[in-house]
Amino acid sequence: MIIVRGLKMRHESVKNYCLGIESTADDFSVGIVTFDGRILANVINAYVSESGGIHPREAAQHHSQVAEEVVAQALKEAKISSDQIDLVAFSQGPGLGPCLRTGATVARAIAAYLKIPLVGVNHCVAHIEIGKLTTGIRDPVTLYVSGGNTIVAAFDAGRYRVFGETLDIAVGNCFDVFAREAGYRQKEGLPFGAIIERLATKGQTYISLPYSVKGMDMSFSGLLTAILHLLRKGEHPIEDLCYSLQETVFSMLTEVTERALAHTEKPGILLTGGVAANKRLQSMLKTVAEEHNTKFCVVPKQYALDNGAMIAWTGILAYKNGLTLPIEQSFVRLKWRLDEVEVPWVKT
Amino acid sequence: MGEDLNYTMEDAVLLKKGAEANLYLKEWYGRKVIVKQRIGKKYRLPQLDRHIRAYRTVHEPQLMHRAKKAGVSTPTVLLIDTENAEIYMEYIEGKQLKQVLNEMPPEKRLKISSSIGELIGRLHKNMVIHGDLTTSNLILTPEDQIVLVDFGLGELSQELEARGVDLHLLKRAFESVHFKFAQECFNKVMESYARIIGEEEAKKVLEKVREIEKRGRYVSERKQR
């Protein structure tokens, strides 16, 4: 057994390890995943801005400064050496240009130096795939909510189809702006969403806010304006504001998810993305899943945020279907939509 | 209110169970009526739940009324009950267009397509977006009149995107159930649509429809039943 495995390692055609690089926004992350789906390393290094939101250039600078260290740390955690890597995957989009380009540059350099294939991965597809890998759910309706994206999607005819999405800002973005305006500071390991969630549990009075579901799409910018207005008026305790914000936003998300579920009759709901960690959102979706007699799964916390492991895993899926990317064609795609991507590895 | 208004739902027959609302058929003061009842959702706060259902129960008839004023036939609304989130409306005798479009003679089919285009043109000209334009929501009466039902996903909008989505949904419905003559029906729809809304605007909307198609976004397998 041991001898056979040793031979396999040295054999040219047997692939084992994929290194994935994620750099769409404020996180620079490297993950290492085996071709059979074991996650060996997932190192995340977040850029925390002094004030305000993500400054693309500063975030990109942060990424280039920590890249070497994060790659080394991932290799160390996976207990492999760089020459054992068989494949490099990177998030090709959608995201912030300077950040994406930094990650892409690192990926190209590793691929060229080690003379191994390169795969470009769609960030949104990766969030769905890591959810499926880590929870074992098959063919779900996915609610993907993060700082930059709010999408309800389900697989049909070769692609993940978008059933509903935000028409303006993402849920995470809405939460971040509100928390920042309320005077909270982001710290590493404590995202704004977690601060809001904690305050919301102490909220008691529901304050009416704009509830905006248009067909299958949602809008959060008007709601943000309304709650910022209430915040500045200073008539309501912050706990009640957080409570009302969460209740309104999550009801909208759950309503659209339920519609997609009823329409597609898929066997389950998958919650993924940075906001997936929120317990209240989880409980709402669980209620819907129970009413429809379907499964409900949440991606584990460490894979909910932007991470390299999801890029590595999706890279493997793409590679197995012959989707490699020549370096000269590996430009980044800032507005690469989820439903533009063929996913030949999904079969239903 | 109680007994006087024949308010009980005991004799009602459930016609359709939806994600948001149930449709019942019942006798009401000697006439057949449809009751659309918006269901409460356990996942959201009772207060928010009541508000949303009451709002939509009022909003939907408003859109229907606006459509009527624009010259589009919709069921007459008889009673709005915000407390129970129910809309009582006229029962339309007829068949869903989906069931009869395939069987009718070609000339009639084109004539009907032409009326549909006119109807959508009138809606859009008056800012009404239907939001779920499929051949299931178009009722053909025995007098060959077309009645548009279910404004549950409707909105007021003048945006090209919303108009494009409306027509795209209709095109998709044609393609999925009436594929043999989907294209000629849709062409006829666009022809009369342009007559109402203007050639210029119709051209822009058609371009939008093509863009939406390419996006692959609304290629949802809308199951027609």
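Residues numbered from 1 in each chain as written. Chains lettered and ligands numbered in written order. Predicted model: local features only at pLDDT ≥ 70, side-chain atom pairs only at ≥ 80, totals over all residues. Heavy atoms only, no water.

## Describing the overall build of chain A
Going by this rule: Helix and strand definitions follow DSSP, with helices as H or I runs of at least four residues and strands as E runs of at least two, each counted in order from the N terminus. Three exposure classes are used, based on accessible area relative to the maximum for each residue type with a 1.4 Å probe and protein chains only: buried under 20%, partly exposed in between, and exposed over 50%. Contact between two residues is taken to exist if any of their heavy atoms lie within 4.5 Å; hydrogens are not considered. Where accessible areas are quoted, they stem from the Shrake-Rupley method and a 1.4 Å probe; at the residue level, only the protein chains shown are allowed to cover.
Within chain A, the secondary structure is distributed over 10 helices and 12 strands. Burial status across chain A gives 57% buried among its 348 residues. Sequence separation of at least 24 residues holds for 76% of the intrachain contacts in chain A that already meet a minimum separation of 6. Put simply, chain A shows about 14,800 Å² of open surface, and 52% of that area lies on carbon and sulfur atoms.

## Quick notes on the packing of aromatic side chains
Residues and elements named next belong to chain B. Heads up, the rule is: Working definition: a ring pair exists when centres of Phe, Tyr or Trp rings (six-membered ring for Trp) sit within 6.5 Å. Plane angles under 30 degrees give stacked, over 60 give edge-to-face, the rest tilted. Put simply, a charge is over a ring when the Lys NZ or the Arg CZ is close to the ring centre, within 6 Å, and near the line of the ring normal, within 35 degrees.
Enumeration over the complete set of coordinates arrives at five aromatic pairs over all chains. Cluster of aromatic residues (ring-pair linked, three or more members): Trp-28, Tyr-29 and Tyr-88. Taking the ring centre of Phe-181 as reference, the NZ or CZ of Arg-109 above it sits at 3.4 Å.

## What about the interface of chain A and chain B?
Under the convention used in this document: Put simply, buried area is how much 1.4 Å-probe accessible surface two parts lose in total, over both of them, once they are put together. In the sections that follow, a salt bridge refers to a side-chain nitrogen of Lys or Arg positioned within 4 Å of a carboxyl oxygen of Asp or Glu. Any N or O atom pair separated by 3.5 Å or less is treated as a polar contact, with the protein-specific requirement of one donor-capable and one acceptor-capable atom, and with residues adjacent in sequence counted only for side-chain atom pairs.
Listed by partner, the interface residues are 31 residues for chain A and 23 residues for chain B. Interface area for chain A against chain B, summed over the two sides, is near 2,400 Å², with a carbon-plus-sulfur share of 48%. Where chain A packs against chain B, one counts five salt bridges. Among the ionic pairs, Glu-255 of chain A bridges to Arg-56 of chain B, the shortest N-O distance being 2.6 Å. Counting across the chain A and chain B interface gives four residue pairs in polar contact (both at pLDDT 80 or more). Counting only elements with at least two residues in the side of chain A that touches chain B, the list comes to strand E8 (159–165), strand E9 (213–214), helix H8 (238–264) and helix H9 (279–291) of chain A. At 11 residues, H8 of chain A tops the list of elements feeding residues into the side of chain A that touches chain B.

## Description of the domain arrangement of chain B
Residue and element names in this part refer to chain B. For the record, the criterion: Delimitation of the domains relies on an automatic or database domain assignment.
As assigned here, chain B comprises domain 1 (2–90) and domain 2 (95–215). Taking only C-alpha atoms into account, the centre of domain 1 sits 25 Å from that of domain 2. Each partner contributes residues to the interface: domain 1 has 14 residues there, and domain 2 has 17 residues. Roughly 1,300 Å² of surface becomes buried between domain 1 and domain 2 when both sides are summed, with 63% attributable to carbon and sulfur atoms. Looking at the side of domain 1 facing domain 2, the largest losses of area belong to Leu-63, Arg-66 and Ser-73, adding up to 40% of the total buried there.

## Concerning the pattern of salt bridges
Enumeration according to the criterion identifies 30 salt bridges over all chains in this entry. For Glu-20 of chain B, the salt bridge goes to Arg-56 of chain B, with nearest N and O atoms at 3.2 Å. Remark: Arg-56 of chain B occurs in helix H1 (residues 46–69) and Glu-20 of chain B occurs in the loop between strand E1 (13–17) and strand E2 (21–28); sequence separation between them is 36 residues. Considered together, Glu-20 of chain B and Arg-56 of chain B belong to a single accessibility category, that of buried residues. Across the salt bridge formed by Lys-188 of chain B and Glu-191 of chain B, the nearest N and O atoms sit 3.6 Å from each other. One end of the pair is Lys-188 of chain B and the other is Glu-191 of chain B, both in helix H5 (residues 182–197) and three residues apart, which spans about a single turn. Residue classification places Lys-188 of chain B among the partly exposed residues on the basis of a relative accessible area of 26%. Each of Glu-255 and Arg-259 of chain A together with Glu-20, Lys-36, Arg-38, Arg-44, Asp-49, Arg-53, Arg-56, Glu-60 and Asp-150 of chain B takes part in salt bridges that share partners, so that together they form one network.

## Points about the sheet that holds strand E5 (residues 118–122) of chain A
Residue and element names in this part refer to chain A. Filter applied, for reference: Between any two strands, pairing holds if DSSP finds at least two bridges. Each axis is a line fitted through C-alpha atoms, and for a helix only the stretch in contact is used; angles between axes span 0 to 180 degrees, taken between their N-to-C directions.
Taken in spatial order, the five strands make up an open sheet running E3-E2-E1-E4-E5, and their pairing is mixed. The open sheet is flanked by strand E3 (39–46) and E5, the only strands paired with a single partner. Between one strand axis and the next, the sheet turns through 20 degrees on average, direction left out of account. Direction of pairing for strand E1 (residues 17–22) relative to strand E4 (residues 85–93): parallel, over a ladder of five bridges. If you follow Cys-18 over to E4, its bridge partner there is Leu-87.

## A closer look at the environment of Val-66 of chain A
Residues and elements named next belong to chain A. Following the sequence through the fold, Val-66 ends up in helix H2 (residues 56–78). A relative accessible area of 11% places Val-66 in the buried class. Measuring from C-alpha to C-alpha, the distance between Val-66 and Tyr-47 comes to 9.7 Å, with 19 residues separating the pair along the chain. The residues contacting Val-66, other than those within four sequence positions of it, are Phe-28 and Asn-45.

## Things to note about the domain arrangement of chain A
Residues and elements named next belong to chain A. Under the convention used in this document: Classification used: nonpolar for Ala, Val, Leu, Ile, Met, Phe, Trp, Tyr, Cys and Pro, charged for Asp, Glu, Lys and Arg, polar for all others including Gly.
Split into domains, chain A comes out as domain 1 (2–127 + 304–340) and domain 2 (139–301). One C-alpha centre belongs to domain 1, the other to domain 2; they are set 28 Å apart. For the domain 1 and domain 2 pair, buried surface summed over both sides reaches about 1,500 Å², with 54% attributable to carbon and sulfur atoms. Viewed at the interface, domain 2 and domain 1 are joined by one salt bridge. Arg-337 is the partner of Glu-165 in a salt bridge, and the nearest nitrogen-oxygen pair spans 3.2 Å. Looking at the side of domain 1 that touches domain 2 residue by residue, the classes come out as seven nonpolar, four polar and four charged.

## Digging into the packing of H2 of chain A against helix H3 (residues 97–114) of chain A
Two packed helices can be described by the angle between their axes and the distance between those axes. All names here are of chain A. Stated formally: Under this scheme an angle from 65 to 115 degrees is roughly perpendicular, one under 35 degrees roughly parallel, and one over 145 degrees roughly antiparallel; angles in between are oblique. Here a crossing is called left-handed whenever its near helix is offset anticlockwise from the far helix by less than a right angle, and right-handed whenever the offset is clockwise.
At their nearest, the axes of H2 and H3 sit 8 Å apart, and the two run at 25 degrees to each other. Relative to H3, H2 is oriented roughly parallel. The chirality of how H2 crosses H3 is right-handed. Residues Pro-56, Ala-59, Ala-60, His-63, Ser-64, Ala-67 and Val-71 of H2 form the contact with H3, whose participating residues are Pro-98, Cys-99, Thr-102, Val-106 and Ile-110. For the contact of H2 with H3, the per-class residue count stands at nine nonpolar, three polar and no charged.

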